[in-house]
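Overview (structure and organization)
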Protein chains: 2
Amino acid sequence: MVKANVKYTGGMQFVASSDSGHAVVMDAGPEVGGSNTGSRPMELLLMGIGGCSGMDIISILKKKKQNVTGLEANVTGTMSDDYPQKYTEITIEYIVRGRGVTEEAVKRAVQLSMDKYCSVKATLKGAAQIRFSYRIVED
Amino acid sequence: MVKANVKYTGGMQFVASSDSGHAVVMDAGPEVGGSNTGSRPMELLLMGIGGCSGMDIISILKKKKQNVTGLEANVTGTMSDDYPQKYTEITIEYIVRGRGVTEEAVKRAVQLSMDKYCSVKATLKGAAQIRFSYRIVED
């Protein structure tokens, strides 16, 4: 059971806190009456899928004794035009930096996260097609 | 098109930033090698649905000239046991505080958000059953 409390703090700002003890500020943009003091709620979904799969990929590459020096995910979400608008497609580009990191290890790590471990991906794929790619950069 | 960049910052910590210009720290708990310096990725989904629908509800109640003094959402997510684990059920309890706020207005606002406006809800309902309730507290 995962829990979050989300509290209205004025304007269009909300502060969320969760069982792990951390708070996240959300706000709308000025175009819809907000003051842009925090992330948009829809942005949190993309951050979540990047973080969730990133943790898997790092764990797996470490177990495979790969010398990883950096990992980055660029996540893009495309929304439907019709209401209720939702993500119909999410694209993730992973950039793995390291020394002698093998393509096989990265391919396997990304695949395992996408197919088996990443709970955010497993949840979002109910609505959106999720595509991913990776690049390896020698450090 | 919504975008986020998620960067590995050591241990199991990731820092996400998005087009709106805000950053969110994510981390795993110590039980899986993290240091709990930030939210769990799966928590962000619950925060997102609370913030997204909260913004709708506040906007609609303001348009209906309701004297709202506070709004809170308690969000709970139940995950599947099987891998890939995902949310199968999300429950949201809204607590609306105000002076003379009518049940009809709150019911309508919540319903409109759930059925028509909240993009996070529309995305997550692909995987999870989403249940909600509300309470009105006279302030």
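Residues numbered from 1 in each chain as written. Chains lettered and ligands numbered in written order. Predicted model: local features only at pLDDT ≥ 70, side-chain atom pairs only at ≥ 80, totals over all residues.

Next up on the list: the sheet that holds strand β4 (residues 67-79) of chain B. If you trace the 6 strands from one edge of the open sheet to the other, you get β3(A)-β2(A)-β1(A)-β4(B)-β5(B)-β6(B), paired in mixed fashion. With partners counted over all chains shown, the strands left at the sheet margins are β3 (23-26) of chain A together with β6 (129-138) of chain B, one partner each. Across the sheet, the mean angle from the axis of one strand to that of its neighbour is 20°, orientation sign disregarded. Across 12 bridges, β4 of chain B lies against strand β5 (residues 87-99) of chain B in antiparallel orientation. Counted as the bridge partner of Glu72 of chain B is Ile95 of chain B from β5 of chain B. Helix α1 (residues 41-63) of chain B contacts β1 (2-8), β2 (14-18) and β3 of chain A together with β4 and β5 of chain B of the sheet and is inclined by roughly 30° relative to β1 of chain A. (Pairing = 2+ DSSP bridges. Helix = DSSP H or I, 4+ residues; strand = E, 2+ residues; numbered from the N terminus. Axes fitted to C-alpha atoms, helices over the stretch in contact; angles between N-to-C directions. Contact = placed C-beta atoms within 7 Å.)

When strand β5 (residues 87-99) of chain A meets strand β6 (residues 129-138) of chain A, the two strands line up parallel, connected through 10 bridges. Looking at β6 of chain A, one finds that Thr91 of chain A is bridged to Arg131 of chain A.

Two residues of an α-helix separated by three or four positions point the same way, owing to the 3.6 residues in each turn. Residues and elements named next belong to chain B. With 15 residues, helix α2 (residues 103-117) ought to run about 21 Å at 1.5 Å a step, and its terminal C-alpha atoms sit 20 Å apart, in line with that. Those residues of α2 that fall on the buried side of the exposure criterion are Ala105, Val106, Ala109, Val110, Ser113, Met114 and Tyr117. Angularly, the buried residues of α2 cover 155° about the axis, an arc narrow enough to put them on a single face. Exposed positions of α2 whose direction lies more than 90 degrees from the buried face are Glu103, Glu104, Lys107 and Asp115. Contacts made by the buried residues of α2 are with α1, β5, α3 (119-124) and β6. (Expected span 1.5 Å × (residues − 1). Buried ≥ 20, exposed ≤ 12 C-beta atoms within 10 Å, placed from the backbone. Arc of directions from axis to C-beta.)

In this section: the sheet that holds strand β1 (residues 2-8) of chain B. Ordered in space as β6(A)-β5(A)-β4(A)-β1(B)-β2(B)-β3(B), the 6 strands form an open sheet in which the pairing is mixed. The outermost strands of the open sheet, each flanked by one partner alone, are β6 of chain A together with β3 (23-26) of chain B. Shown here is a sheet whose adjacent strand axes are inclined to one another by a mean of 20°, direction ignored. Taken together, the 6 bridges between strand β4 (residues 67-79) of chain A and β1 of chain B define a ladder with antiparallel strand orientation. Paired with Thr76 of chain A across the two strands is Lys3 of chain B, which belongs to β1 of chain B. The sheet strands contacting helix α1 (residues 41-63) of chain A are β4 and β5 of chain A together with β1, β2 (14-18) and β3 of chain B, and the helix crosses β1 of chain B at an angle near 30°.

The next point concerns the relation of the copies chain A and chain B. Least-squares fitting of chain A to chain B yields an RMSD of 0.0 Å, with the superposition described by an axial translation of 0.0 Å and a rotation of 180°. In short, the pair behaves as if placed about a two-fold rotation axis. Among all C-alpha atoms of chain A, that of Gly126 of chain A lies closest to the rotation axis, at 2.1 Å. (Least-squares fit on C-alpha atoms with pLDDT ≥ 70 in both.)

This brings us to unusual backbone geometry. Residue and element names in this part refer to chain A. Look at the link from Tyr83 to Pro84: it is a cis peptide, with omega at -10°. Non-glycine residue Lys65 carries a positive phi angle of around 55°. Mapping Lys65 onto the fold places it in the loop between α1 and β4.

Quick look at the domain arrangement of chain A now. What the domain assignment reports for chain A is domain 1 (1-39) and domain 2 (41-138). Look at where the C-alpha atoms of domain 1 of chain A and domain 2 of chain A centre, and you get two points 24 Å apart. (Domains from an automatic or database assignment.)

This part takes up the interface of chain A and chain B. At the junction of the two partners, chain A supplies 64 residues and chain B supplies 64 residues. Take the side of chain A that touches chain B: its biggest share by element is 15 residues, from α1 of chain A. Looking at the side of chain A that touches chain B residue by residue, the classes come out as 34 nonpolar, 23 polar and 7 charged. (Nonpolar A, V, L, I, M, F, W, Y, C, P; charged D, E, K, R; others polar.)

The next subject is the packing of α1 of chain A against helix α2 (residues 103-117) of chain A. The axes of two packed helices give the description: the angle between them and the distance between them. Residues and elements named next belong to chain A. In the contact formed by α1 and α2, the axes pass within 9 Å of each other and the chain directions differ by 135°. With respect to their mutual orientation, α1 and α2 come out oblique. Seen along the crossing, α1 lies across α2 with a hand that is right-handed. Residues Ser53, Asp56, Ile57, Ile60 and Leu61 of α1 form the contact with α2, whose own contacting residues are Ala105, Ala109, Val110, Leu112, Ser113, Met114 and Tyr117. A class-by-class count of the residues in the contact of α1 with α2 yields 9 nonpolar, 2 polar and 1 charged. (Parallel < 35°, antiparallel > 145°, perpendicular 65-115°, else oblique. Left-handed = near helix turned anticlockwise from the far one by under 90°.)

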